[in-house]
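# Chain and residue survey
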Protein chains: 2
Amino acid sequence: MKDNGAAEGLYLDDLQVGQEFLSAEHFLDAGQIIAYARQFDPQPFHLDEDAARDSFFQGLAASGWLTMSITMKLLVQSLPFAKGVIGAGGNIAWPRPTRPGDILRVKSTIREIRPSRSRPDRGMVQVNSLTLNQQDEVLQELTANLLVFRKA
Amino acid sequence: MKDNGAAEGLYLDDLQVGQEFLSAEHFLDAGQIIAYARQFDPQPFHLDEDAARDSFFQGLAASGWLTMSITMKLLVQSLPFAKGVIGAGGNIAWPRPTRPGDILRVKSTIREIRPSRSRPDRGMVQVNSLTLNQQDEVLQELTANLLVFRKA
């Protein structure tokens, strides 16, 4: 344990509603879209540019769960909670497809802080995370319930 | 287009509330958990058995988004919609951690069918998907809003 709060990470006591966290960027290319799709979401519009052209997406689109997975990578870097980013669940929406060439970044805002009544060492924090591309278009909106601990 | 409805896949007209779909099984091991974590969720409790022992999870646990990614793989196989499994979003919860050695399968139930008023060729279908392990414990509950097309 270090004395420096920032190095140690943030506890429930350190958070406030409205607080914002910005992530680094992730550059997405067709190779990443296809590799994820092969493993987890093998549908033509995620696998093949030609097949995707005639689909609902009218061109290669990332699986929404790849957008979410990259978002998680960016959240692990940008939400500096002392015991990690531990989710109980949440709500997710994809207003538009994620495309090859998109540069993703995540802007998170603390929406609600609920200390646990039964377990005084922790609380649930509701965090809204927008995944944006280089045109500031919203690719994904995640509202997650995260478990955050109090300072011991 | 084939005459056989099953080979062609299911359209909005073919679905009814309460209809169930069962997936195949997926065997999860520590290697898969660590590989996903390295790429998308590099936190100690997803990366390393020893580090995980002293964490909230008290042992290696899969990223919830890996549980979701495997669920998607099983949904692509088990929800035979004619134009694919296309999600607009949904709600997700993880009542307990997914562990190495778990055998995952997904049980999906159609909850709601809402034909679009503005676009008569399609509708939104709410599907509840439980991801279970070999002890029938619920690892994940997903309620997804899926875009399903009508027969042309």
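Read on for an overview of the structure. For clarity, every value in this text was computed on a predicted model and none was experimentally measured. (Residues numbered from 1 in each chain as written. Chains lettered and ligands numbered in written order. Predicted model: local features only at pLDDT ≥ 70, side-chain atom pairs only at ≥ 80, totals over all residues. Heavy atoms only, no water.)

## Remarks on the nonpolar core
- Trp65 of chain A together with Trp65 of chain B are the most contacted members of the largest nonpolar core, which totals 80 residues.
- When residues of this core are assigned to their parent elements, the largest contribution, eight residues, is made by helix α5 (residues 64–78) of chain A. (Core = buried A, V, L, I, M, F, W, Y, C linked by side-chain atoms within 4.5 Å. Buried < 20%, exposed > 50% of the residue type's maximum accessible area, 1.4 Å probe, protein only. Helix = DSSP H or I, 4+ residues; strand = E, 2+ residues; numbered from the N terminus.)

## A word on empty space enclosed by the protein
- Summed over the entire model, instances satisfying the criterion amount to two cavities of 30 Å³ or more.
- As a volume, the largest cavity reaches approximately 40 Å³.
- Taken together, Leu10, Tyr11, Phe81, Ala82, Lys83, Gly84, Leu147, Val148 and Phe149 of chain A make up the lining of the largest cavity.
- Counted by class, the lining of the largest cavity contains seven nonpolar, one polar and one charged residues.
- Considering the residues around the second largest cavity, the lining is formed by Leu10, Tyr11, Phe81, Ala82, Lys83, Gly84, Leu147, Val148 and Phe149 of chain B.
- Considering only residue class, the lining of the second largest cavity consists of seven nonpolar, one polar and one charged. (1 Å grid on protein atoms, 1.4 Å probe; cavity = no way out; pocket = protein on both sides within 12 Å on 5 of 7 lines; lining within 4 Å. Points joined across faces, edges and corners; volume = space filled by probe spheres on them. Nonpolar A, V, L, I, M, F, W, Y, C, P; charged D, E, K, R; others polar.)

## Considering the environment of Phe57 of chain B
- Looking at where Phe57 of chain B falls in the secondary structure, it is placed in the loop between α4 (49–53) and α5 (64–78).
- Judged by relative accessible area, Phe57 of chain B falls into the buried class, the value being 13%.
- Not counting residues within four places of it along the chain, the set of residues in contact with Phe57 of chain B comprises Ile86 of chain A together with Phe45, His46, Ala52, Pro97 and Arg99 of chain B. (Contact = heavy atoms within 4.5 Å.)

From the geometry alone we can't say anything about function, so treat these as descriptive.
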